[in-house]
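The chain contents come next:
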Amino acid sequence: MTRTFVAIELGDAARAHLAREMARLGRALPWVRWVDPNGVHLTLAFLGELDDTRLAAVYAASEEVAPLVEPFVLRAGRLGAFGTERAPRVVWMGVEGAVAQLARLRMALVEALAARGFARDARPFAPHLTLARLRTPPTSERATQLWELVREQGQRGATVSIEARQLGVMRSELTRPVARYTCLRAVLLGSGPRPERSG
């Protein structure tokens, strides 16, 4: 079984920028456990544990939709968080720019997966890059500190470009101290419909 999701991976320049940003944020919030910048990605669909047959269906869906959307560029930089004032859960960096193309790609992927028997995610799509996960609620003082930083940094404009050139079918392994992600198959975006494989 393979813990699987479909995502847009970041290029080296974007990852290097995120590493610098997380180091800077880490100095302000040293008690937060930040993710490995090498594992940051923009998730379009999380599919859970799949056997080989279901994984092949994900490959087919990705190969069907990727040609339909041309490569595009996103920008990231605004900080945000999920959770309540007392219990923030995730610190993230938002994306802007070609979000219409991103949403169209994601919707096409969802439909192609649904046609192959995968359940549709009922939650609204909120594209973001996860920077930190808080496993336990912080103290009230730390929570206030985090939200103040999020609000301050959320006023900034985008600071890094992300070139979306391919769709990646990814494997997630929940290893320690950090999760490990492997691209099982990358499918280039754009160039229109492609002929079906024979045989």
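Quick note: structure is the one above.
Cut-offs and rules
- Residues numbered from 1 in each chain as written.
- Predicted model: local features only at pLDDT ≥ 70, side-chain atom pairs only at ≥ 80, totals over all residues.
- Heavy atoms only, no water.
- Helix = DSSP H or I, 4+ residues; strand = E, 2+ residues; numbered from the N terminus.
- Rg over C-alpha atoms; globule rule 2.2 N^0.38 Å.
- Contact = heavy atoms within 4.5 Å.
- Areas by Shrake-Rupley, 256 points an atom, 1.4 Å probe, with all protein chains shown as cover.
- Lys, Arg positive; Asp, Glu negative; His and termini not counted.
- Charge placed at Lys NZ, Arg CZ, Asp CG, Glu CD.
- Phe/Tyr/Trp six-rings, centres within 6.5 Å; stacked < 30°, edge-to-face > 60°.
- Buried < 20%, exposed > 50% of the residue type's maximum accessible area, 1.4 Å probe, protein only.
- Lys NZ or Arg CZ within 6 Å of the ring centre and 35° of its normal.

This next bit is on the overall build of the protein. Along its length, the protein carries 4 helices and 8 strands. The N-to-C order of helical and strand elements in the protein reads β-α-β-α-β-β-α-β-α-β-β-β. Relative to the globule expectation of 16 Å for 199 residues, the C-alpha radius of gyration of the protein, 18 Å, shows essentially globular dimensions. Put simply, of all contacts in the protein between residues at least 6 apart along the chain, 77% involve residues at least 24 apart. Roughly 11000 Å² of accessible area belongs to the protein as shown, and the carbon and sulfur atoms make up 51% of that amount. One way to put it: in the protein the 28 positive side-chain charges average out to a point 3 Å from where the 20 negative ones average out.

Another point: the packing of aromatic side chains. Throughout the structure, instances matching the rule amount to 2 aromatic pairs. A ring pair is formed by phenylalanine 5 and tyrosine 181, whose centres lie 5.7 Å apart and whose planes are at 85°; its orientation type is edge-to-face. Pair noted here: phenylalanine 5 is in strand S1 (residues 2-9) and tyrosine 181 is in strand S8 (residues 180-188), with a separation of 176 residues, a long-range link. Note on phenylalanine 5: relative accessible area 2%, which makes it buried. Centre to centre, the rings of phenylalanine 82 and tryptophan 92 are 5.4 Å apart; their planes meet at 40°, and the pair counts as tilted. Residue phenylalanine 82 is found in strand S3 (residues 72-83), and its partner tryptophan 92 is found in strand S4 (residues 88-97); the two are separated by 10 residues along the sequence. Of the residues examined, phenylalanine 82 reaches a relative accessible area of 28% and is grouped as partly exposed. Stacked on the ring of phenylalanine 118, the Lys or Arg arginine 54 has its end atom at 3.9 Å from the ring centre. It is arginine 185 that lies over the ring of tyrosine 59; its NZ or CZ is 3.9 Å from the centre.

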